[in-house]
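Here is what each chain is made of, one letter per residue.
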Amino acid sequence: MTVLQTLRAELTEATSGLLATAASLSDADVAAPSRLPGWSRGHVLTHLARNADSHVNLLTWARTGVPTPQYPDLRARTAGIEAGAHRPAAGQLADLRESAARLDAAVDALPEAAWRAQVGGLRPPHHPAWYVLVRRLRELGMHHVDLGAGYGPADWPETFVRRELHDCLRTWPYDRSTVSAVRLLAPADPAASRPGEDGPGEDGRASEWRELGDGPMVEGTPVDVLAWLTGRSAGEGVKVVPGGRACPPPPPWLTTTAPADLPATPPKDYP
């Protein structure tokens, strides 16, 4: 058994949750602003549908060996979102369901050996195909929050928070960091706590991440830290230690990148 089974179960649950939220929205709700500047909820929903299709492209690449870009380019990605953003709620929901079903079918159709194939999105680095599932889960988790429709960071599953913090650390922009250290007040997995660890652990679950760059140390719960790092909060629950200073802006890291040294073969667990 590999992490693929776990990721697929998470993907099913995350997709079901998003579809339930989308089904609760009226036409007026869909047209209303999302939490993303300049985007309505319709923009967010359309992006998630087209993102599912973009991941079908990557799995097609892995299955056939023929490079199939996630999107032709950024302009085409933007045009696809804008083209569907103004549809009524029923059209948005149907598109979400159908695109999710296409992605599920592509996952089913991928031979075991193809999960090792290297594929690439709009930004480097390339990564093994199994990481497509992690990237899709990231899109669902972050943009479900961006809808501003009752789902927030507190609703993120513990496994999602742990994995995303792990990847935040592994893709940390040390040269552009706004903090020198991050202290997690409670680990995402209590069994993984290692009090007194001197530096960031390889699995991202350490109680402190140190030597991150210039700036103060900040602390918060894993959920609050992840929400701040990904721009899904203004820093609520995250504070500078020792106190007295305002929480700095988060480092400008890219949520769409992948760690550079992922194992080609799907591991047993990730992280």
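To be clear, the structure that these remarks concern was listed above.
Everything numeric in this text was worked out from a predicted model, so none of it was measured.

**Looking at the side chain of Ser40**
Here is step 1 of the chain: Following the sequence through the fold, Ser40 ends up in the loop between helix H2 (27–31) and helix H3 (41–64).
Here is step 2 of the chain: Looking at Ser40, its side chain comes within polar contact range of the side chain of His43, at 2.9 Å.
Here is step 3 of the chain: Residues contacting Ser40, with those up to four places away along its chain left out, are Val30, Ala31, Ala32, Pro33, Ser34 and Ala85.

**What to know about the environment of Ala28**
Here is step 1 of the chain: Within the secondary structure, Ala28 sits in helix H2.
Here is step 2 of the chain: With relative accessibility at 57%, the residue Ala28 sits in the exposed group.
Here is step 3 of the chain: As a C-alpha pair, Ala28 and Glu236 span 208 residues in sequence and 29 Å in three-dimensional space.

**Brief notes about helix H7 (residues 158–170)**
Here is step 1 of the chain: The end-to-end C-alpha separation of H7 is 19 Å, in line with the 18 Å expected for 13 residues at 1.5 Å each.
Here is step 2 of the chain: Counting buried residues in H7 gives 10 out of 13 residues, a clear majority hidden from the surface.
Here is step 3 of the chain: For H7, the set of buried residues is Phe160, Val161, Arg162, Arg163, Glu164, Leu165, His166, Asp167, Cys168 and Leu169.
Here is step 4 of the chain: Check the buried side of H7 and you find it contacts helix H1 (3–23), helix H6 (131–146), strand S3 (181–184), strand S4 (208–209) and helix H8 (222–229).

**Overview of unusual backbone geometry**
Note on backbone geometry: most residues besides glycine have negative phi, and most peptide bonds are trans.
Here is step 1 of the chain: Omega for the peptide link from Pro124 to Pro125 comes to 5°, which places this bond in the cis form.
Here is step 2 of the chain: With respect to the helices and strands, Pro125 occurs in the loop between strand S1 (118–119) and strand S2 (127–128).
Here is step 3 of the chain: Residue Pro242 follows Val241 across a cis peptide bond; omega there is -10°.
Here is step 4 of the chain: Tracing the sequence through the fold places Pro242 in the segment after strand S6 (239–241).
Here is step 5 of the chain: Phi is positive for Glu211, which is not a glycine, with a value near 55°.
Here is step 6 of the chain: By secondary structure assignment, the location of Glu211 is in the loop between S4 and strand S5 (217–220).

**Notes on the nonpolar core**
A general feature of soluble globular proteins is that nonpolar side chains tend to end up buried together.
Here is step 1 of the chain: Residues Leu59, Leu96, Trp115 and Trp130 are the most contacted members of the largest nonpolar core, which totals 41 residues.
Here is step 2 of the chain: With 10 residues, H3 is the single largest residue contributor to this core.
Here is step 3 of the chain: With near-sequence residues (within four places) excluded, Leu59 lies in contact with Leu103, Ala106, Val107, Leu110, Trp115, Ala129 and Val132.
Here is step 4 of the chain: One finds Tyr151, Val182, Leu212 and Val218 within the second-largest nonpolar core, a separate group that totals 24 residues.

**Re the packing of H3 against helix H5 (residues 89–109)**
Here is step 1 of the chain: Running from amino to carboxyl end, H3 crosses H5 at an angle of 15°, the nearest separation of the two axes being 9 Å. The orientation of H3 with respect to H5, classified from their angle, is roughly parallel. For the pair H3 and H5, the sense of crossing is left-handed. Across the interface between the two elements, Gly42, Leu45, Thr46, Leu48, Ala49, Arg50, Ala52, Asp53, His55, Val56, Leu59 and Arg63 from H3 touch Gln92, Asp95, Leu96, Ser99, Ala100, Arg102, Leu103, Ala106, Val107 and Ala109 from H5.
Here is step 2 of the chain: Split into classes, the residues belonging to the contact of H3 with H5 amount to 12 nonpolar, five polar and five charged.

**Comments concerning the packing of H7 against H8**
Here is step 1 of the chain: Where H7 meets H8, the closest approach of the two axes is 10 Å, and the angle between their N-to-C directions is 50°. As summarised for this structure, H7 and H8 are arranged oblique, according to the angle between their axes. You can see that H7 and H8 cross each other, and the crossing is left-handed. Listed contacts from H8 to Phe160, Val161, Glu164, Leu165 and Cys168 of H7 are Pro222, Val223, Val225, Leu226 and Leu229.
Here is step 2 of the chain: Its residues assigned to classes, the contact of H7 with H8 comprises nine nonpolar, no polar and one charged.

Quick notes on the rules
Residues numbered from 1 in each chain as written. Predicted model: local features only at pLDDT ≥ 70, side-chain atom pairs only at ≥ 80, totals over all residues. Heavy atoms only, no water. Helix = DSSP H or I, 4+ residues; strand = E, 2+ residues; numbered from the N terminus. Polar contact = N/O pair within 3.5 Å; in protein donor to acceptor, adjacent residues only side chain to side chain. Contact = heavy atoms within 4.5 Å. Buried < 20%, exposed > 50% of the residue type's maximum accessible area, 1.4 Å probe, protein only. Expected span 1.5 Å × (residues − 1). Core = buried A, V, L, I, M, F, W, Y, C linked by side-chain atoms within 4.5 Å. Axes fitted to C-alpha atoms, helices over the stretch in contact; angles between N-to-C directions. Parallel < 35°, antiparallel > 145°, perpendicular 65-115°, else oblique. Left-handed = near helix turned anticlockwise from the far one by under 90°. Nonpolar A, V, L, I, M, F, W, Y, C, P; charged D, E, K, R; others polar.

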